[in-house]
Amino acid sequence: MEELLKIPSISILDEYAKDIGAAADWLIQKLTDMNLLLVKKISTERHPIVYAENLSAGQNKPTILFYGHYDVQVPDPLNAWESEPFVPTIRNNNLYARGASDNKGDISTFLAALESIKAVGELPINIKILLEGEEEIGSKSLRTFIPENQELLKADFCLNLDSGMSDYDLPSITYGLRGGIYVGLKLTGPAKSLHSGMFGGVIENPIHVLSRFIADMLDKNGLVTMPYFYDDVRIMSDEEKELSKLNPKDEAFFLKESGAPAIWGDKNFSPYERTVLRPTFDVLMVQGGERKSAITSTANALISFRLVPDQDPKKIYQQFEAYIQSKLPKTMTLEMNLLGADPAFIQDVDTPQIEIMKRTLHETWGVTPIIERSGGGIPVVCLLQRHLGMPTVLTGITLPDDNLHGPNEKIHIPTWKKGIESVIRFITLLGNA
Ligand SMILES: [Zn+2]
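For every chain, the first residue of its written sequence is number 1, and the numbers climb from 1 along that sequence. Totals for whole chains, interfaces and linings use all residues, but because this is a predicted model, local features are given only for residues with pLDDT of at least 70 and pairs of side-chain atoms are given and counted only at 80 or more.

### Points about unusual backbone geometry
The following threshold applies: Counting from the N terminus, the helices are DSSP H or I runs at least four residues long and the strands are E runs at least two residues long. Exposure classification rests on a simple neighbour count of other C-beta atoms within 10 Å of a residue's own: a residue reaching 20 or more is buried, one at 12 or fewer is exposed, and one in between is partly exposed. C-beta atoms are placed from the backbone.
A cis amide bond, omega -5°, links Asp-76 with the succeeding residue Pro-77. Mapping Pro-77 onto the fold places it in the loop between strand 3 (63-69) and strand 4 (89-91). Unlike most non-glycine residues, Asn-35 shows phi in positive territory, near 65°. Structurally, the position occupied by Asn-35 is in the loop between helix 2 (17-33) and strand 1 (38-42). Even without glycine at this site, Ser-139 takes up a positive phi of about 55°. Note that Ser-139 resides in the loop between strand 6 (126-132) and helix 4 (140-148). A tally of 24 C-beta atoms within 10 Å means that Ser-139 is categorised as buried.

Here's what the structure looks like:
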């Protein structure tokens, strides 16, 4: 895995395209060395997909599709790293590197488990492996690849390790993900930057209007003020209420993991519920103005809504656009763009494969795993459900303090070893089922 971690496969920056290619080639070589029966690199409009399969277990054994992504986020801010992001370094039982947990660590967990099984015999089930290089930029190529390759990808279910543990020694299985939309918003006032002495008081400042829009989107309890926003939100079932009560992510957890002085939000829901079964509005970035005494011409914002089951992303975008248009003063023109849209994902928790995973995790860690929803999104999970009707077993070994997307990303080596053990156990149990 350290060889793969040394490759800076950053998907968002074009200057790293050859590193993305190198990471794909490294995986192709690795899968070939493992003697999988079919290994291929599939080019796309952007970054290649790596596919492999081994169907030698035969038709009366289950087939699983393992998913992983070999691309990573940018390592910025670089000076916050204690060791170089692409020089894997071990400190106190942790391996530090960008991608160590998200998601190269998960790929290596799965491949190491396969290698161990193959070292002592045949694979007891059929395996398909799908690895993409665009997860961190929205999985664009998979959006056409999955519907166009239904036969190739057909499997009983997908195993995805891109989720994580609830805490040290507390494994979890995720049955729901939030969806969301990304929106770019640009306000233009004057045609150029203006002297704030000569024009201040006559020409409205786009930064002020943008700030007003943003401030008006939430009330003091954190509820979105936009009309109809909560209309389609699915109500929690009694079963979910019970699962929610068992979830360990309480106020203390969020305080510890965030480093914020206090938590915030809708008091009608627990902190865990607020992050997984309630929709949210967040401003990701604002931009405008210069360090001089001038009224700027434009102000920009990048906005994200996290959405929950039964909310339609396109409908929410239309409502948002109409809402902002209705508040637009005559002094400004507005440009809005929908940059990404994914519905939320939710599936049954009592399928046979989830039962086997529960048993696997219980036998590996000696505790009952937490069954939960997650606040994030993983596009492939939705795509497989939508186009192939394929369920996903979503779990993983990422710990809450693994610093995904942040500086000093790490994987906890003892947890990683248990992860390998659990994948071996899961495949073995599936083969015997
Ligand atoms: Zn990620």
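### Considering the nonpolar core
Quick note on the threshold: In these notes, a nonpolar core means any group of buried Ala, Val, Leu, Ile, Met, Phe, Trp, Tyr and Cys residues linked to one another through C-beta atoms within 7 Å. Either an automatic procedure or a domain database provided the assignment from which the domain bounds are taken. Contacts are defined on C-beta atoms placed from the backbone: any two residues whose C-beta positions lie within 7 Å are in contact.
Judged by nonpolar contacts, the single largest core of 84 residues is most densely connected at Ile-64, Leu-65, Phe-66, Phe-110, Ile-129, Cys-158 and Val-381. Considering each element in turn, this core owes the most residues, six residues, to helix 14 (residues 413-432). Here this core spans two domains, and each of domain 1 (2-177 + 345-432) and domain 2 (180-233 + 279-342) adds at least three residues to it. Filtering out sequence-adjacent residues up to four positions away, Val-381 remains in contact with Asn-160, Leu-177, Phe-345, Thr-392 and Leu-394.

### Let's talk about the sheet that holds strand 4
Hydrogen bonds between backbone atoms are what pair the strands of a sheet, whose relative direction is either parallel or antiparallel. For the record, the criterion: For two strands to be treated as a pair, DSSP must find at least two bridges joining them. Between N-to-C directions, angles span 0 to 180 degrees; the directions come from axes that are lines fitted to C-alpha atoms, helices contributing only their stretch in contact.
One open sheet accounts for three strands, arranged 4-5-18; its pairing is antiparallel. The outermost strands of the open sheet, each flanked by one partner alone, are strand 4 and strand 18 (410-412). When strand polarity is set aside, the average angle formed by the axes of neighbouring strands in this sheet is 25°. Examined bridge by bridge, strand 4 and strand 5 (residues 94-96) share three bridges and lie antiparallel to one another. Following the sheet pairing, Thr-89 is matched in strand 5 by Tyr-96. Most of the contacts of helix 14 go to strand 18, to which it runs at about 65°, and overall it touches strand 5 and strand 18.

### Quick word on the domain arrangement of the protein
For clarity, the threshold we go by: In this classification, Asp, Glu, Lys and Arg are treated as charged, Ala, Val, Leu, Ile, Met, Phe, Trp, Tyr, Cys and Pro as nonpolar, and every other residue, Gly included, as polar.
When the domains of the protein are assigned, the result is domain 1 (2-177 + 345-432) and domain 2 (180-233 + 279-342). On a C-alpha basis, the centroid separation for the pair domain 1 and domain 2 is 36 Å. Contacts between domain 1 and domain 2 engage six residues on the former and five residues on the latter. Across the side of domain 1 that touches domain 2, the residue classes tally to three nonpolar, three polar and no charged.

### Structural notes on the sheet that holds strand 11 (residues 280-288)
Spatially, the four strands line up as an open sheet ordered 11-13-9-14, and their pairing is antiparallel. Either end of the sheet is taken by a strand with one partner, and the two such strands are strand 11 and strand 14 (333-342). Between one strand axis and the next, the sheet turns through 15° on average, direction left out of account. Contacts between helix 7 (residues 206-216) and the sheet are confined to strand 9 (179-188), strand 11 and strand 13 (298-307), with strand 13 contributing the most and set at about 15° to the helix.

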